[in-house]
Amino acid sequence: MPTPSPAPLRHPREVLLGAQAGAVWLPACDHYAGVEARMRKSLALQAEWSARHGTCLFDVTLDCEDGAPVGGEAEHAALVVELVRGLDWAAPVPPRVGVRVHPVDHPAFEADVATIVGAVGARLTHLMIPKVETAGDVARAVVAVDAAGAPRLPLHVLIESPAAVHRAFEIAAHPRVASLSFGLMDFVSAHGGAIPATAMTVQGQFEHPLVCRAKLEVASAAHAHGKVPSHGVVTEFRDRQAVQRAAERAAGAFGYTRMWSIHPDQIEPIVTAFRPRPDEVEQAAEIIGRAAAADWAPISHQGYLHDRASFRYFWQVLERAHATGVALPETVRGHFR
């Protein structure tokens, strides 16, 4: 009687991750640019980083909301199409490019989607929808995107008001939503002066109770549905240390796994802040290596019992390390080829 073939080894992501454990993966930094010169510079910088690191460490989101001059929305959308088409899509590490369009109730929204998604929707990693208030806004965006010919294009949504924060769990539940971002400036402004301007600073935004509560709600809603919570901007863009401290606080205390950059100088501090420490990577590699060898049965490691609940955490450490350019131990490197 022939000996049965061994079952094929399953990838850790297949074994360990579920609906509430990182169903969506995105780079740790999302860099926004809306002026033509800055859009071109950002796309060139992404290509340079990707060639150097062998993986794409940050997304570039071309901005049609704040980037388009009033009355020049159509021309700006056409420029975005030109820029996306002109990228090197045959590069060893392909570009990762998204677009922020106007809100769904803006007169330019439908035209933005028809022009951009209709032309290059298959190339985009995401479409950012700003000022989302309800799941109905997401549904309206989906109709427009699908009509433009991109029924699988993921949507990122920007939560910018107290009412939107209240509905964050409902919004995050929509299957086309891949990420929720928190819009600090509009959130503060929406309170009619009840929150001081200091809450928009790099320090104050981590201290004011209403802002902190909103950040936690958005992050919690995203994690509840396996989506990516993306922290908003730090306007003190020339203070690299302040940017890195803010990113570390967003990751370590508020549960964010991604953060916006609004200036090229912010990209490196953000990526660095989300990068796990070398000792964390080494520990995670040891545990995942032993777990895989045990066919994901419980193991003992340095006096601690580990099973699939903790395996999942340590696998995500390795994913975060890979996504932020950390060299992985050889024992686990093959999972990322």
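Higher on the page you've got the structure.
Reference entry: report on the structure contained in this document.

Procedures and definitions
Residues numbered from 1 in each chain as written. Predicted model: local features only at pLDDT ≥ 70, side-chain atom pairs only at ≥ 80, totals over all residues. Heavy atoms only, no water. Helix = DSSP H or I, 4+ residues; strand = E, 2+ residues; numbered from the N terminus. Rg over C-alpha atoms; globule rule 2.2 N^0.38 Å. Contact = heavy atoms within 4.5 Å. Lys, Arg positive; Asp, Glu negative; His and termini not counted. Charge placed at Lys NZ, Arg CZ, Asp CG, Glu CD. Axes fitted to C-alpha atoms, helices over the stretch in contact; angles between N-to-C directions. Left-handed = near helix turned anticlockwise from the far one by under 90°. Nonpolar A, V, L, I, M, F, W, Y, C, P; charged D, E, K, R; others polar. Phe/Tyr/Trp six-rings, centres within 6.5 Å; stacked < 30°, edge-to-face > 60°. Lys NZ or Arg CZ within 6 Å of the ring centre and 35° of its normal. Buried < 20%, exposed > 50% of the residue type's maximum accessible area, 1.4 Å probe, protein only. Pairing = 2+ DSSP bridges. Right-handed = clockwise from strand over helix to strand, strands pointing away. Polar contact = N/O pair within 3.5 Å; in protein donor to acceptor, adjacent residues only side chain to side chain.

## Observations regarding the overall build of the chain
Step number 1: For the chain, the helix and strand inventory stands at 14 helices and 10 strands.
Step number 2: Its C-alpha atoms give the chain a radius of gyration of 21 Å, near enough to 20 Å, the size a compact globule of 337 residues would have.
Step number 3: Contacts spanning at least 24 positions in sequence make up 72% of the contacts within the chain whose residues lie at least 6 apart.
Step number 4: The positive charge centre, built from 31 side chains, and the negative charge centre, built from 36, are 4 Å apart in the chain.

## Observations regarding the packing of helix H10 (residues 240-254) against helix H11 (residues 264-273)
Step number 1: Relative to each other, H10 and H11 sit at 35 degrees, their axes nearing to 8 Å. Judged by the twist between their axes, the crossing of H10 over H11 is right-handed. Within the contact between the two elements, H10 uses Arg240, Val243, Gln244, Ala247 and Glu248 and H11 uses Asp265, Gln266, Glu268, Pro269, Ile270, Thr272 and Ala273.
Step number 2: Here the residues of the contact of H10 with H11 sort into 5 nonpolar, 3 polar and 4 charged.

## Some details on the packing of aromatic side chains
Step number 1: Throughout the structure, instances matching the rule amount to 7 aromatic pairs.
Step number 2: Summarising the aromatic geometry, the rings of Trp315 and Phe336 are spaced 5.1 Å apart at their centres and angled 15 degrees between planes, so their arrangement reads as stacked. One end of the pair, Trp315, is in helix H13 (residues 308-323); the other, Phe336, is in the segment after helix H14 (330-333), and 21 residues separate them in sequence.
Step number 3: Note that Lys215 overlies the ring of Phe206, its terminal NZ or CZ placed 3.7 Å from the centroid.
Step number 4: Positioned above the aromatic ring of Phe254 is the side chain of Lys215, whose terminal nitrogen or guanidinium carbon lies 5.7 Å from the ring centre.

## Overview of the packing of helix H2 (residues 36-53) against H11
Step number 1: Axis separation between H2 and H11 bottoms out at 11 Å; the angle between their running directions is 35 degrees. Every pair of crossing elements has a handedness; the one defined by H2 and H11 is right-handed. Judged by residue contacts, Lys41, Leu45 and Trp49 of H2 engage Pro264, Ile267, Glu268 and Val271 from H11.
Step number 2: Of the residues belonging to the contact of H2 with H11, the class tally is 5 nonpolar, no polar and 2 charged.

## A word on the pairing of strand S4 (residues 126-129)
Step number 1: Residue alternation in S4 divides its side chains into two sets, His126 and Met128 and Leu127 and Ile129, and both sets are buried.
Step number 2: Here strand S3 (residues 97-100) runs beside S4; their pairing, made up of 3 bridges, is parallel. Paired with Val99 across the strands is Leu127, a residue of S4.
Step number 3: Bridge analysis of S4 against strand S5 (residues 155-159) gives 3 bridges, and the strand direction is parallel. Along S5, the bridge assignment pairs Met128 with His156.
Step number 4: Between the parallel elements S4 and S5, the chain passes through helix H5 (residues 135-147) in a crossover that is right-handed.

## Description of the environment of Glu280
Step number 1: As for its placement among the helices and strands, Glu280 is situated in helix H12 (residues 278-293).
Step number 2: Linking Glu280 and Arg85, residues 195 residues apart in sequence, is a C-alpha distance of 40 Å.
Step number 3: Among residues more than four places away in sequence, those in contact with Glu280 are Tyr313 and Val317.
Step number 4: In terms of polar contacts, Glu280 uses its side chain to reach the backbone amide nitrogen of Arg277, at 2.8 Å.

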